[in-house]
Amino acid sequence: MVAFDDLLHARLGSMQDAVNDWTETVKKLKTLQEKAEKGMQHKAEKADWKGQNAGITRPFIKKTAKEFSDAAKEAESIRNILRDALADFKMSKKKLGDIVEAAPAKGIRIGTDGSVGYLVHPDRRGKDYAGPDPKQADFDHVRADIKAALDKATEADDVASRALVTLVGKDEHNFSGTDYKSLKDAKAVQDAQEFVALSRKGAHASPSELAHANHLLREHTGDRLFAEKVATGMGGKGTMTYWSAIVDSHQGNMPKKELATLKDLQKNLSLTLAAATHSDSAEMRKWKKDVIALGDQQFITDRTKDTTGPFGFQITSSLMRHGEFDQKFLNDYGDKLIDYEKDTDAPQLWSHGGQYYDALNFGGAKNDDGKDPMTGFLEALGHNPHASTEFFHDKEHFDYLTGVETKKGPEPRIWPQDSASFVPSPDQKQQLPGFVSLGHALEAATTGHSYEAGPSAASSVHSAEQADIMNLLVTDMSKHPDLVRDGMAGSLGQISAEYMPDIHRAIDPHKGNIEALFPHKGSDAGLQEHDVTRFLHTLGQDPDGYAAVNLGQHQYTASILEYHMKHPDAYVNTLSPDRHEALTQTITSISTDAGEIEGVIGSGRDYALEHKLVEGDGAYNTALGKAGTWAGSLAGIGIGLGTSAFSGPGGAVASGLAGTASGEIINGIVQGANRDRLDGQIYRDGQHWEVLKEDTAQTTRGSLAATALRHDPSFRLYKEISDSAVDEGFRAGQSNVQKYLKGEVQSSGQ
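Conventions we followed
Residues numbered from 1 in each chain as written. Predicted model: local features only at pLDDT ≥ 70, side-chain atom pairs only at ≥ 80, totals over all residues. Heavy atoms only, no water. Axes fitted to C-alpha atoms, helices over the stretch in contact; angles between N-to-C directions. Helix = DSSP H or I, 4+ residues; strand = E, 2+ residues; numbered from the N terminus. Parallel < 35°, antiparallel > 145°, perpendicular 65-115°, else oblique. Contact = heavy atoms within 4.5 Å. Nonpolar A, V, L, I, M, F, W, Y, C, P; charged D, E, K, R; others polar. Polar contact = N/O pair within 3.5 Å; in protein donor to acceptor, adjacent residues only side chain to side chain. Phe/Tyr/Trp six-rings, centres within 6.5 Å; stacked < 30°, edge-to-face > 60°. Buried < 20%, exposed > 50% of the residue type's maximum accessible area, 1.4 Å probe, protein only. Core = buried A, V, L, I, M, F, W, Y, C linked by side-chain atoms within 4.5 Å. Salt bridge = Lys/Arg side-chain N within 4 Å of Asp/Glu carboxyl O. Patch = residues over 30% accessible without salt bridge, like charges linked within 9 Å, V, L, I, M, F, W, Y side chains within 5 Å. Areas by Shrake-Rupley, 256 points an atom, 1.4 Å probe, with all protein chains shown as cover. Lys, Arg positive; Asp, Glu negative; His and termini not counted. Charge placed at Lys NZ, Arg CZ, Asp CG, Glu CD. Left-handed = near helix turned anticlockwise from the far one by under 90°.

Peer 1: Which residues make up the packing of helix H16 (residues 433-447) against helix H17 (residues 464-479), and what values do they have?
Peer 2: Running from N to C, H16 and H17 cross one another at 135°; their axes reach a closest spacing of 7 Å. Considered as vectors, H16 and H17 are oriented oblique to each other. On H17, the residues that touch Leu442, Ala445, Thr446 and Thr447 of H16 are Gln466, Ile469, Met470 and Leu473. A breakdown of the residues in the contact of H16 with H17 according to their chemical character gives five nonpolar, three polar and no charged.

Peer 1: Describe the side chain of threonine 588, naming the residues involved and giving the relevant values.
Peer 2: The topology assignment puts threonine 588 in helix H24 (residues 579-610). Here the side chain of threonine 588 touches threonine 584 through a polar contact of 2.6 Å, landing on its backbone oxygen.

Peer 1: Run through the packing of aromatic side chains, naming residues and quoting values.
Peer 2: The geometry of two aromatic rings is summed up by the distance between their centres and the angle between their planes. This model, assessed by the stated rule, comprises 16 aromatic pairs. Ring geometry for phenylalanine 377 and phenylalanine 391: centres 5.1 Å apart, planes at 75°, overall edge-to-face. In this pair, phenylalanine 377 sits in helix H13 (residues 373-383) while phenylalanine 391 sits in helix H14 (residues 385-392), placing the two residues 14 residues apart along the sequence. A relative accessible area of 0% places phenylalanine 377 in the buried class.

Peer 1: Pulling in residues and values, what's your account of unusual backbone geometry?
Peer 2: Here lysine 612, not a glycine, exhibits a phi torsion of approximately 60°, which is positive. The residue lysine 612 is located in the loop between H24 and helix H25 (618-626) in this model. Look at lysine 612 and you get exposed, because its relative accessible area is 64%.

Peer 1: Quick one: what's the story with the nonpolar core, residue by residue and with numbers?
Peer 2: Core analysis: the largest hydrophobic core is formed by 127 residues, its most contacted members being Trp243, Phe392, Leu401 and Leu536. Per element, the largest residue contribution to this core is ten residues, and it comes from helix H7 (residues 224-249). In contact with leucine 401, other than residues within four places in its own chain, are Ile338, Met374, Leu378, Phe391, Phe392, Arg413, Trp415 and Leu438. With 34 residues, the next largest nonpolar core counts Phe4, Leu8, Ala149 and Leu183 among its residues.

Peer 1: Account for the pattern of salt bridges, naming residues and giving values.
Peer 2: For the coordinates displayed, the defined rule picks out 28 salt bridges. Close ionic contact of lysine 135 with aspartate 133 constitutes a salt bridge, the shortest N to O distance being 2.9 Å. Note that arginine 505 and aspartate 524 form a salt bridge whose closest N and O atoms lie 3.1 Å from each other. Here the residue arginine 505 occupies a position in helix H19 (residues 500-507), and aspartate 524 occupies one in the loop between helix H20 (514-517) and helix H21 (529-540), the gap between them amounting to 19 residues. The buried category is assigned to arginine 505, whose relative accessible area is 13%. Residue classification places aspartate 524 among the partly exposed residues on the basis of a relative accessible area of 34%. Through salt bridges with shared partners, a single ionic network connects Arg125, Asp133 and Lys135.

Peer 1: Tell me about a negative patch on the surface, and name the residues and values.
Peer 2: Taken together, the side chains of Asp335, Asp339, Asp343, Glu390 and Asp394 present a region of like negative charge at the surface. Of the residues forming the negative patch, the biggest block, three residues, is contributed by helix H11 (residues 327-343). For aspartate 343, a relative accessible area of 67% translates into the label exposed.

Peer 1: Which residues make up helix H18 (residues 489-498), and what values do they have?
Peer 2: Across the ten residues that make up H18, a large majority, ten, are buried. Buried residues of H18: Ala489, Gly490, Ser491, Leu492, Gly493, Gln494, Ile495, Ser496, Ala497 and Glu498, and no others. Contact partners of the buried residues in H18: H16, H17, H19, H21, helix H22 (543-566) and helix H26 (628-631).

Peer 1: Account for the environment of arginine 162, with residues named and values stated.
Peer 2: Mapping arginine 162 onto the fold places it in helix H4 (residues 136-168). Taking relative accessible area as the criterion, arginine 162 reaches 35% and is therefore assigned partly exposed. In this structure the C-alpha to C-alpha distance between arginine 162 and alanine 186, which are 24 residues apart in sequence, comes to 8.6 Å.

Peer 1: Can you tell me about the environment of lysine 30, naming the residues and giving the values?
Peer 2: By secondary structure assignment, the location of lysine 30 is in helix H2 (residues 13-46). Counting along the chain gives 40 residues from lysine 30 to aspartate 70, while the straight-line C-alpha distance between them is 10.0 Å. Each residue touching lysine 30, except ones within four places of it in the same chain, is listed here: Ala72 and Glu76.

Peer 1: Help me get a handle on the environment of proline 481, residues and values and all.
Peer 2: Checked against the element boundaries, proline 481 lands in the loop between H17 and H18. Spatially, the C-alpha atoms of proline 481 and arginine 534 are 7.9 Å apart, while their sequence positions differ by 53 residues.

Peer 1: Give a detailed account of the packing of H21 against H24, specifying residues and quantitative values.
Peer 2: Where H21 meets H24, the closest approach of the two axes is 7 Å, and the angle between their N-to-C directions is 45°. Judged by the angle between their axes, H21 and H24 are oblique. As H21 packs across H24, the resulting crossing turns out to be right-handed. On the side of H21, the interface is formed by Glu529, Thr533, Leu536, His537 and Gly540, while H24 contributes Glu596, Ile597, Val600, Ile601, Ser603, Gly604, Arg605 and Tyr607. Tallied by class, residues from the contact of H21 with H24 come to five nonpolar, five polar and three charged.

Peer 1: Any chance you could break down the side chain of glutamine 466 for me, citing the residues and the numbers?
Peer 2: Tracing the chain through its elements places glutamine 466 in helix H17. For glutamine 466, a relative accessible area of 10% gives the class buried. From its side chain, glutamine 466 meets the backbone nitrogen of serine 463 in a polar contact 3.0 Å long. Among all residues touching glutamine 466, those that are not within four sequence positions of it are Thr389, Ala445, Thr446, Thr447, Gly448, Val461 and Tyr499.

Peer 1: Please provide a residue-by-residue account of H13, values included.
Peer 2: In terms of burial, H13 is a largely internal element, eleven of the eleven residues being buried. Those residues of H13 that sit buried are Pro373, Met374, Thr375, Gly376, Phe377, Leu378, Glu379, Ala380, Leu381, Gly382 and His383. Contacts from the buried residues of H13 go to helix H10 (312-318), H11, H14, helix H15 (395-402) and H16.

Quick look at the structure:
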């Protein structure tokens, strides 16, 4: 610990001189390095030597040139360490000086050892004393400031001294070639080495050592140098061995504090490994290759359980649930995982076949012990949209995971149980954690953003690959509604909300210049009305799916009306020289589509209530209310042109949507759903069919009123036109449900 008086009166001039001297040394060594590499090494490589000259002299010259390079790196590292340590010392010294200088004015005296007390003790104050009277909180504050300054200097001193020892090394004949860009780099390397040393204790680490290992990971979140040194220090096999040992030694009914530590450790190690995979160094390439190759091997840390132990795939996937892993690594890993499953009975092996070892996922969701490696892998895809798009654009991957039956290729995946107490139904219709994660991964694959990030204007411009996957989703799941597994509808609904331009294009009965009516910059998903109807009807049966589509539809209707009122030349003025006629056509088209979408999901909602798929109508209002934070991002998707003024993810609805037409509408829906008394709000519970239709008309009128058209003398007439079109669309939605589902699904409101 740096002493108070030593820091306060430290003379740092000599250290500044050392920094300057090393800076000059670096310049000279780099000059020598350049001469060595471009001079003697270059000439040696081009020389036509034979015999001993070729076998001895050339390698010697090459090694000598490398030593100049290593010397330059080492000198620069020393300079960087001294430079940054000096900066920290100066800052800490100044802070300490400021504290000491300010203390008397606060009535505080600071001793030469850093002790803190009264400048004039209350017992020695005269009757006329009018000076400051510090309280305990003032003393505590000064002590904390002193400690912070000393701690900063001490850490710099400690890190610098260890780094300098490492740089010099133990080899008297070779420079180390260690490259430290900063004192921060040196600390990252030192802490990574400390974590690796702790990891080698495995199951024998004490609770305090485990907590310290977790602290090291958390402190360096996002530090790629630290992450790479941790991963390569443990190695691929070491990483597997470490986590299997942690898993094996911490099981059963653990105290909450222990479980919280392990949950945090799993998250922080996942974030660290994710950051490490973005390195393309030779060491990290080996780590990634080894981890993938070890997927089919068991790791048995308890020799009393000689037939049980998690597979490498299970361990790796349990450490993939957080952070953004490298795109190529994820796809290589996923390819190998699926190939292994297709060649074995792996889906059953993950939960059976002697694998009654304990959970790999600490503090996970119900029935999610982490034994199914696909769940963690899909979570990783959900955090990397580019990787997920690439992965699901492979039709075989898409079919295998979503459950599409094909005449060619392997059978769709059978999703295993993931806890000893849970047995899935043979028809796979229960909610499994993997289905939720599959929804997350598909959300990232189709939207271009992490499922946790929320939509934005930028992500609304869909690539051809994203649009292709959306087409597959809608087409396949419209034909086979059972592919919308329990737990997926919320994600599929949010995907649909971001593809509203494509959905409106698919269902619009007027067609005409559909690209101008519903413009977007991205690739079109090429959806068909019958597929959209069946797909949305299925989503409407789920409260979360219904809420997302509902909010997405109203957001888009409000946005596209506002857009066309502000930019009449884009579409309105192309319809007719008669402004009234042109506005009538535009409002009719948009309002009809709004009514049709609401009619379709309303049919789904009504069907679910009638057939007791959902306990009560209140579940739908609850879902609308819960969607408030996500709804705060909806204005960011605009109309798919990537130009929305608001593009922030999530956040408070009111602040996120303030000042936008769609914001006013969504706030009305969400806030109405959150109120106990819903009558008279902009969107009521929709228990009765006519009420649902009226609420749709009212919300669409509200969208129209949020535009500049509200000042038009004929606004009342336009509202009536909108109401009539919503009614027409609503009935078309009901009719299409009957037509496209061939009467198999009937809504009680029809």
